[in-house]
Amino acid sequence: MTKNRSWIPYLLILPSVAFLALLFIVPLLQTIWLAFSDNGVPSPANAQRMMADINFARSIKNTFLLTIAVVPVQLAIALVMGTMVAKVGRGRETILWVWTIPLGISDLAAGLVWLSILQNSGYFNSLLLGLGILERQASWLSYQTPVALFFAIAVAEIWRGTAIVMVIIVAGLNQVPREFKEAAEIFGAGPWTRFWRITLPLIRPALQSALILRTVLAFEVFAVVYALGGRNFPVLVGEAYNWQNQNQNYGVAAAYAVLIMIISLAATLIYLKAIKVDPERLP
Amino acid sequence: MSAQTKSKASPAGFISSRRWLLWSGIAALCAWVLVPIYLVALGALGGRQGVYQWPKTGLPTGVSLDPFILFLRTEGVLQSFLNSLGAAGITVALSILLGAPAGYALARYNFHGKDSYRLLVLLTRAFPLAILALPLTVSFIKLGLYDTIIGVGLIHTVLALPFAALVTQGIFMGVPRELEEAAWVFGCTRAQAFFKIVAPLALPGIVATAVFAFVISWNEVFAASVLTVRNRTLTAYLLTVLSESPMHYRFAGGLMLILPSVVFIFAVRRYLFAIWGISSK
């Protein structure tokens, strides 16, 4: 490609590099320093205080359980959506648009949407009453019903977050050459074999991107939890928010932030290792 | 719901059971997305009586715009709406101004450090970026950016910029290089060729990127809540008043959060599908 005037590309990327250095790299280092220092001296005090907090273990457990419950379901729904829409001719764009609607919906709004369904006099209880399953209003979102609250949050997260996985998966499926499937069909491979042996391996890069993005986002779950359960269901980001805003303790909040970063990074590395992808095909 | 799927799936009457299964599955998944939005709209427009009505029917009874307008008139709502627009505007402008040139460089040039740059951009995706708002409060207080819309716009740009760089790279790669070279041959300078040939062709994709940057900022909760006290965005405002506001206000807030971004995404859906590579081939 163009070799002369090689300063041009540097000029073009310089503004974004400077911006990311100032507002991504620097605050990242500051967070780490804030978490592991006390009055300007390196110290494990914040981390110790975080671990001694009564909500610490619960928030870790809740965040992980949610991630484990939500991400595989989202991937499965997205794969179903992708395979279905591939068989549709006319109306494809409309269906895709309906399925991408949740992309525009924030986690806070998603929490409020499901609050309208799951609150005591909401539509879910009305439905159960109509079916004769319930006799009076049941409460699903209180601290006395942790299991129901967990499922409510998981459903809201699945509802909201599947769209982005679907977009990445459909884009990946579009790049699978039709000839591969046809060849497999000729050699007698059934739909399941074709799916497991042909499609899945070929959409690896898409699977990897989708899993990394969704898992990192799942560790960040916060507003949907807050909208549905208030503080009844502690999660890691919610604890960081509380330590910062209610307790005005930036150090412990930063310790939570670092913990979330470490978990996210570890998950990313695991995915990069587990799903090997030809580096040329990375996004 | 089953009646609806049936009517949708059998227009001709002799469609095979496979076909029927496919379309009922598609209809069910569409309903899964749409019905909850319809229900929160009922909640937002049903007002106080609507919330406590029991049992509910799912039909629009007693619905009017008044409860929603009453919500808009609540102290702080309109201001926070404008703040959200302002922060999103800054995010859109900055992420396109900084991201598009980088995308162009990635698409058209080979240079030393290209891989490191792409690594930097990918790295941002592996971090929960909103959390960077925590240390930034300290710096922003010093700089006078704390509790300002500019401050919120800056942190939202960190979220949107990597996305903008990667997506515009794809857009510029879609503009044939030959067109640009032809313009050079006919005596255009590099800059002229860019603005006369490349920019108009890339514009729809860039608009779609801008809309997505808008939605990222419009929907972000954590950073906005941490960085503001009085000048809250709509999400941050709703989060802080959540526990003390009545149910129908919460639903009205939810609907107000949903509407603008859904309308925006609808407006540019074709270009969004094109840049993601999911449009029909």
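Residues numbered from 1 in each chain as written. Chains lettered and ligands numbered in written order. Predicted model: local features only at pLDDT ≥ 70, side-chain atom pairs only at ≥ 80, totals over all residues. Heavy atoms only, no water.

Student: Account for the side chain of B:Ser245, with residues named and values stated.
Tutor: With respect to the element layout, B:Ser245 can be found in the loop between helix 11 (234–241) and helix 12 (247–267). For B:Ser245, the side chain forms a polar contact with the main-chain oxygen of B:Leu242, separated by 3.2 Å. (Helix = DSSP H or I, 4+ residues; strand = E, 2+ residues; numbered from the N terminus. Polar contact = N/O pair within 3.5 Å; in protein donor to acceptor, adjacent residues only side chain to side chain.)

Student: Account for the UniProt feature "domain: ABC transmembrane type-1" (unreviewed entry) in chain B, naming residues and giving values.
Tutor: In the numbering adopted here, UniProt assigns the feature "domain: ABC transmembrane type-1" (unreviewed entry) to residues 81–268 of chain B. A helix fraction of 81% and a strand fraction of 0% characterise residues 81–268 of chain B, whose end C-alpha atoms lie 22 Å from each other. (UniProt positions renumbered as here; feature names shortened; annotations may be inferred.)

Student: An account of the nonpolar core is needed here, citing residue identities and associated values.
Tutor: Among the nonpolar cores identified, the biggest contains 192 residues, and A:Phe24, A:Leu66, A:Trp99, A:Ile105, A:Leu108, A:Phe222 and B:Phe222 are the most heavily contacted of them. Every residue in contact with A:Phe222, bar those within four places of it in the chain, is listed here: A:Val235, A:Val237, A:Gly238, A:Tyr241, B:Val221, B:Phe222 and B:Leu239. (Core = buried A, V, L, I, M, F, W, Y, C linked by side-chain atoms within 4.5 Å. Buried < 20%, exposed > 50% of the residue type's maximum accessible area, 1.4 Å probe, protein only. Contact = heavy atoms within 4.5 Å.)

Student: Requested: an account of the interface of chain B and chain A, with residues and values cited.
Tutor: By a widespread convention, an interface's size corresponds to the accessible area lost as its parts come together. Each side of the interface is counted separately: chain B has 95 residues, and chain A has 92 residues. Approximately 8,700 Å² of surface area, both sides summed, lies buried where chain B meets chain A, with 76% of it carried by carbon and sulfur atoms. Inspection of the chain B/chain A interface yields one salt bridge. B:Arg270 is the partner of A:Glu93 in a salt bridge, and the nearest nitrogen-oxygen pair spans 3.8 Å. Taken together, the links from chain B to chain A amount to 11 residue pairs in polar contact (both at pLDDT 80 or more). With 19 residues, helix 2 (residues 17–52) of chain B is the single largest residue contributor to the side of chain B that touches chain A. (Buried area = accessible area lost by both parts, 1.4 Å probe. Salt bridge = Lys/Arg side-chain N within 4 Å of Asp/Glu carboxyl O.)

Student: Requested: an account of a positive patch on the surface, with residues and values cited.
Tutor: On the surface, A:Lys87, A:Arg178, A:Lys181 and B:Arg18 cluster together into a positively charged patch. When you line up the elements, A:Lys87 lands in the loop between helix 3 (54–86) and helix 4 (92–100). (Patch = residues over 30% accessible without salt bridge, like charges linked within 9 Å, V, L, I, M, F, W, Y side chains within 5 Å. Areas by Shrake-Rupley, 256 points an atom, 1.4 Å probe, with all protein chains shown as cover. Lys, Arg positive; Asp, Glu negative; His and termini not counted. Charge placed at Lys NZ, Arg CZ, Asp CG, Glu CD.)

Student: A description of a nonpolar patch on the surface should follow, citing residues and the corresponding values.
Tutor: On the surface, A:Ile25, A:Leu29, A:Ile32 and A:Phe36 cluster together to form a nonpolar patch covering roughly 340 Å² of accessible area. Tracing the chain through its elements places A:Ile25 in helix 1 (residues 7–35).

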